[in-house]
Every structure is written in structure tokens, then in C-alpha cells.
Amino acid sequence: MSLKDEAAVVGVAVARAEGADAQLAMPDLAIVAANAALADAGLERADVQGFCSPSGVCDHGALASQMGVPEVSFSATLTSGSGGGAGALALAAAAISGGFADVVVTLSRYESAPRSGGTGPNALLRPPPGAAASAYGLSGGPGPDGALSAPAALRSYGAAAALTANAYLHRYGISREHVGRWVVQARANAGEKLSLDDYLAAPLVIDPFSELDAAPGIATSYVAAVVTANVERARDLDQPLVVIAGAATGGSPINGAPWQGPAELVASSGHRDVAADVYGMAGASASDIDVALLADDFSPWVLMQLEDYGFCGVGEGGTFVADGRAVVGGTVAVNTHGGNITDAFARGVTHIDEAVRQLRGTATNQVPDASTALVTGDPGTMPLSAVIMRRA
Amino acid sequence: MGTFEHQPPVTLTDPAADDWTQGFWDAAAEGRLAVTRCSSCGTFRLPPGRFCRACGSQEVTYETLPGTGTVFTCTVVRQPLSAQDAAGFEEYVPAVIDADGAPGARFVSAVVDCAPDDVAPGMKVRVVWDRVSDALSLPYWTPE
């Protein structure tokens, strides 16, 4: 028994707020997004029975109350600060499959936090203003274990990610040009022009990352809302039927002990177990995937996941990208909307939205006749996550 | 600014030691590199944690290591990451070190007294100590 084909994605919307409104208090922006996604689905607020989200998006009680949802029969969030929207969507599918609810709204957000301090804009490479040097528990606390790694002076998520990225790049001899070819492709997917020379000329902040390798902090806040419904109910709605064919969350919790464990696992995206689980549930393999929306806070994450999801062999992610196989018309179209590195550290906010648009045939950078899409959550802390959607 | 060239901007003065990490800091104050080892099954573990990940035991012993190792991975911080690091900023090299004598345990620290661009995975290194106070010495690594 599994949740395969039990739930369908029936509505999506992304609400954005810029300028002074970018700090719009939650749950206001979530309500705007949820109502727009319900309209996309042809459903009403009164149809909603459940809410799911990654950690820290908003309080579901306040959301339901202000949104005017009469009764909630399921509410869940992922643990950890990462994992992304894919895992939250997995929770929604589980709720529907398990009979807790027929209609569930999944919310994910990116909260604008423009960086100050004169050291540059990138939110992932640098710690938030005023944050203790101990951010991410890797730099001297809090706590006794953190003190042992204090001499590294890791200040940011980006500094920790750089150690993992370099373990991978060095192990397989993958060059900055390989990674750069992906960044150039991602920019092209987003409709932006960047040359490989420009990429290579960008000053490094934390090897191997320049500003172009990490999802930027921007002055726009986002909430993405995804409405899922029992597949029987979904058949009566207007949108093309997009079912959740497989979902997985978890992974090896080596992140509780950073860089410990088998070298090959440390030098990977950590997604191999999740990949096996999601493919197993969906009865699919890499060759079935038409479009892959891969979590990409940092550019090398895409190469690593191409390997760990079986699109190429381990260590071949660089040449796979450089050979032009990760594009529309190639082996698999990857991050056809550009992804987080062209947009914002958005926890995959836009990845699910893009997957659904591709399967409906309404994406800007459309994969011809796309029928199966993979969406992944961030490498980083457990639980990692992935969802496979299929046009029925 | 630090004891060594390319020393990271570390401000730790109190390691907040508990029963599982005190042994590391006691040895460090004497200039010895020690690692947590499960008293029950012998598994080395870093960070020390409160439980052995292999057998669940909470009993630990501290084993003194030779103080040599190999760079597993590293990075170079090229720009100050926060305003507090800006004054007198020097590039530094966070690194994860496979310690000789403790298979399966990696130290998270930095490589110092070496041009940052010369540090790479596979480099042989040895521990050096920055004596912050009588009670606190911090371990860094430098090429052998």
C-alpha cells in the first residue's frame, strides 16, 4: 500500500510582495496565495480541510482562522529548516491517502530579508545581520559539540555548503567550468544572458562559490500555494489531472554530524535513499522523467542530484551538463524556470509550481508533451524529500 | 591578528564543555589532541554527542592521537562574511580533517600558516595549538 496516484495537484499559485509590502506579515501573503491557488483549482475556501508546509512558514491555526476555513482535519509541517516544498507536498498526499482530508493546501515561503552590513547581498553566503557567529551550530556553539568546530569560523550556510561542494568537486575532478556551464544554462532558462567568461570572472566569496553560485537574497517575498485533492474529486475539476505518483522524505541523518560518515556519501547530495524510495513508489526510473526541478540553493547541488537521481553515473554530473543533456530537448530538462540560483533562496517555492505548469503544458520554457516531473527538496538537513508527478 | 597566518576570526572563549567534551579540552590545554571513543564498542566519534551512534552507550574514554591527519575537504573564505570580521581581514581556510589514529572521526577546523591556494584535499597536516588562555587551547592544522 502506498499513496501512489491517490492525490492530485489541482491548483497552484505564487503570491509575491515587493518593496514595503515585502515584509507583509504572515499569514497575509499565505492567504493571498492560498485563495489564488483555490481559484486556479475551481475550489472554495470551505472545501479546504488541511494545511501542510515546511517548518516555519506560518501558524496553520492563525491561517485557517483568518482565511475563513470552517474546520481543519489535518495540519502538519516538516521538521528541520530545510527539506523544501516537495516534502510538504508529500505530507499533503499522505493526508489525502490516509483519509484525513480530501483537500489540502500546502504552503511554502521565501521571506525577503535584504542583507545589510556592507559585505554584499547574498543571503546564503553571509549570515543574517546581527546573527551570532554560531549560526547553523557549526561555528562554536551553541553547545558543547559546536565548540569543537569553532576553529573553522564557519559563519554561514554557504560556508558549510562549500565544504561539502568541494568534497564532491575534488573527489570527481569536476571543474569550475563544468559548474559554470550549469549556471549559464540556468540563467538562460530564466531568460537571462550570462557568458561562461563572465561566470569565471566573478570573484569567489567562499571557494567554489561566487555570488553567481548561490541563491540570492532579494527584496521580494513569496508564498507558493499548492492545492491537492483526492484523485476522484480532482477528476471533476477543470484543470488537467496531475497525480502525485510517488513521494519520499527522509535520508541518512549524517547532517547531525557534519562531514562524518562514508566519504562517498558526504561527497554527494545525500539524496540516494530518497531517490530509491520515490522511484520505487512511483514505479519509475530516471528515464521516465521528462522534467526535473532540482533544489538548487547552490549550483553544484544540481550536478550532484543529477547523479543521485540516476540521470548519469556518479561523478558524471559535470560532463552531463557540459554536453548539453540537461536542457529542453536533451536527456532531461532541468530547472526550466531557472531555479533558485536565478531567483531567490526560496525553499523550492517555485519548483512545484513549475512542475505543474510543465505537466499542464503551460510553462514558459515548455518541454514538449511533458508527462512526468520530479521535484526535489534541498540537500542539507534531514529530511530530504522528493515528489514525482504525472499527467494522468 | 592571530597566533598564525591565515587564522580564522574565532572568538570562542568558553567551550561550554560537558561530560562528553571536557576530556577534549583538558587534553588540548596540555597540547594533546584527543578524541572521544566509545568505552563499550570502541567506535570513535565526532562530534562527541551524548550517545554512541553505533551501540547507544553513553560511556566514553578519551584517546590521545598522534596529531597528524589528512585534509578531507576545505574551502577558502575570500571575503569577510560578517561585519565583525572586516577589520584586518585575512583569507582563511576552513577544513575537515581525517585524523590519523581515529578512523571514522573528522575534525572541523582550519589550515593555517600556509598560502590558502596551496591547501587541497589529500594534504598531510599536523595539529598546532593556539593558547587562548590557561584553560583553553584551540586546535588548528598546518602542512606537515
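Structure's up top.
Residues numbered from 1 in each chain as written. Chains lettered and ligands numbered in written order. Predicted model: local features only at pLDDT ≥ 70, side-chain atom pairs only at ≥ 80, totals over all residues. Heavy atoms only, no water.

A.B. asks: I would appreciate a short explanation of helix H1 (residues 28-41) of chain A in the present structure.
C.D. replies: What sets the pattern is the α-helix's 3.6 residues per turn: residues three or four places apart point alike. Residue and element names in this part refer to chain A. Between its terminal C-alpha atoms H1 stretches 20 Å, which fits the 20 Å expected from 14 residues at 1.5 Å a residue. Three or more residues of H1 are buried, namely Leu29, Ala30, Ile31, Ala33, Ala34, Ala37, Leu38 and Ala41. Tucked inside the fold, the buried residues of H1 contact strand E1 (7-18), helix H2 (60-67), strand E4 (103-110) and strand E7 (220-230). Gly42 sits one or two residues past H1 and shows a positive phi near 75°. (Helix = DSSP H or I, 4+ residues; strand = E, 2+ residues; numbered from the N terminus. Expected span 1.5 Å × (residues − 1). Buried < 20%, exposed > 50% of the residue type's maximum accessible area, 1.4 Å probe, protein only. Contact = heavy atoms within 4.5 Å.)

A.B. asks: Would you mind going over helix H6 (residues 176-189) of chain A with me for this structure?
C.D. replies: Residue and element names in this part refer to chain A. The terminal C-alpha atoms of H6 lie 20 Å apart, and with 14 residues this matches the ideal 20 Å at 1.5 Å per residue to within 8%. For H6, the set of buried residues is Arg176, Val179, Gly180, Trp182, Val183, Ala186, Arg187 and Asn189. Between a side-chain oxygen at the N-terminus of H6 and the backbone nitrogen of Glu177 the separation is 3.3 Å; the capping residue is Ser175. (Polar contact = N/O pair within 3.5 Å; in protein donor to acceptor, adjacent residues only side chain to side chain.)

A.B. asks: Explain the pairing of strand E7 (residues 137-143) of chain B to me, please; I cannot follow it from the model alone.
C.D. replies: The two faces of a sheet get side chains in turn, since along a regular strand they alternate between them. All names here are of chain B. For E7, the tally of buried residues reaches six of seven residues, placing the bulk of the element in the interior. Alignment of strand E6 (residues 124-131) against E7, held across seven bridges, turns out to be antiparallel. Paired with Trp129 across the two strands is Pro139, which belongs to E7. (Pairing = 2+ DSSP bridges.)

A.B. asks: Is there a simple way to explain the pattern of salt bridges in this structure?
C.D. replies: Where charged atoms from two side chains of opposite charge approach closely, those side chains can pair. Applying the stated rule across the entire model yields 21 salt bridges over all chains. Across the pair A:Arg155 and B:Asp85 runs a salt bridge, and its minimum N-O distance is 2.8 Å. Within this pair, whereas A:Arg155 is found in the loop between helix H4 (144-147) and helix H5 (157-172), its partner B:Asp85 is found in the loop between strand E3 (68-74) and strand E4 (93-99), the two belonging to separate chains. With respect to class, A:Arg155 is no different from B:Asp85; both count as buried. Close ionic contact of A:Arg171 with A:Glu264 constitutes a salt bridge, the shortest N to O distance being 3.9 Å. Of this pair, A:Arg171 sits in helix H5 while A:Glu264 sits in helix H9 (residues 263-266), and the two are 93 residues apart along the sequence. Using a relative accessible area of 40% as the deciding quantity, one classes A:Arg171 as partly exposed. The class for A:Glu264 is partly exposed, based on a relative accessible area of 35%. (Salt bridge = Lys/Arg side-chain N within 4 Å of Asp/Glu carboxyl O.)

A.B. asks: Hey, could you run me through the packing of aromatic side chains in this one?
C.D. replies: The description of an aromatic ring pair rests on the distance of the ring centres and on the angle between the ring planes. Tallying each qualifying case throughout the model produces 11 aromatic pairs over all chains. Aromatic pair B:Phe107 and B:Trp141: ring centres 6.2 Å apart, planes at 45°, arrangement tilted. Of this pair, B:Phe107 sits in strand E5 (residues 106-111) while B:Trp141 sits in strand E7, and the two are 34 residues apart along the sequence. Comparing B:Phe107 with B:Trp141, the two get one shared label, buried. Chaining the aromatic ring pairs together yields one cluster made of A:Tyr157, A:Phe209, A:Phe298 and A:Trp301. Directly above the ring of B:Phe72 sits B:Arg106, whose terminal nitrogen or CZ lies 4.0 Å from the centroid. (Phe/Tyr/Trp six-rings, centres within 6.5 Å; stacked < 30°, edge-to-face > 60°. Lys NZ or Arg CZ within 6 Å of the ring centre and 35° of its normal.)

Scope: geometric values only; no functional claims are made or implied.
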